[in-house]
Amino acid sequence: MKKQVGIWLDYREALVVRLEGADATLARIESEIEDFNVHGGARTSGKPWGPMDKVSESGYLERRKHQEQDFYKKIMNAVKEADELYIFGPAEAKLGLEKAIKASTTFHPKLLAVEVADSMTQNQVIAQVRSFFKAIGKES
């Protein structure tokens, strides 16, 4: 029997659904990606109304990029034993995971689809994964 896995993800978490016959197991993977708000710069001259230095966002963006890559690696390690993979979710995180999967030479599960989906409860996520693999099974 094929090991079928569905992943619902956004930048906060990933819900991994493994289908084994009629049973489905759900695992949660936290992302640890920081949300940042850039605050204003510092006064250069020490005067209360003097000019302000600009704040460079490149450091924040570089750190976030590395955190996203770590998140994708964590997900890929959790589902590496799967045969078929289905990814869906509301944010752009699913596209980043798809890109990481395609760039990897050691990741072997077959990526069947990447779809847009709204925020869902855990039961809705499980139902979505079941219906996707049921529809794929009918097409084959």
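Scroll up to find the structure this text is about.
Report on the accompanying structure. (Residues numbered from 1 in each chain as written. Predicted model: local features only at pLDDT ≥ 70, side-chain atom pairs only at ≥ 80, totals over all residues. Heavy atoms only, no water.)

**Section: the overall build of the chain**
1) Next: Helix and strand counts for the chain come out as 3 helices and 5 strands.
2) Next: The linear arrangement of helices and strands in the chain, starting from the amino end, is β-β-β-α-β-α-β-α.
3) Next: The proportion of buried residues among the 140 residues of the chain is 34%.
4) Next: Taking the contacts inside the chain whose residues are at least 6 apart along the sequence as the reference set, 63% of them involve residues at least 24 apart.
5) Next: Element-wise, carbon and sulfur atoms account for 50% of the exposed surface of the chain, whose accessible area totals about 9,000 Å². (Helix = DSSP H or I, 4+ residues; strand = E, 2+ residues; numbered from the N terminus. Buried < 20%, exposed > 50% of the residue type's maximum accessible area, 1.4 Å probe, protein only. Contact = heavy atoms within 4.5 Å. Areas by Shrake-Rupley, 256 points an atom, 1.4 Å probe, with all protein chains shown as cover.)

**Here's the deal with the sheet that holds strand 3 (residues 23-30)**
By way of backbone hydrogen bonds, the strands of a sheet pair with one another, either parallel or antiparallel.
1) Next: Taken in spatial order, the 5 strands make up an open sheet running 3-2-1-4-5, and their pairing is mixed. If you trace the sheet from one side to the other, it starts and ends with strand 3 and strand 5 (110-116), each paired once. Direction aside, neighbouring strands of the sheet carry axes that sit 20° apart on average.
2) Next: Relative to strand 5, strand 4 (residues 84-89) is paired through 6 bridges, and the arrangement is parallel. Along strand 5, the bridge assignment pairs Phe88 with Glu115. (Pairing = 2+ DSSP bridges. Axes fitted to C-alpha atoms, helices over the stretch in contact; angles between N-to-C directions.)

**Looking at helix 2 (residues 93-103)**
1) Next: Those residues of helix 2 not exposed but buried are Ala93, Lys94, Gly96, Leu97, Glu98 and Ile101.
2) Next: If you follow the buried residues of helix 2, they end up packed against strand 1 (4-9), helix 1 (58-78), strand 4 and strand 5.

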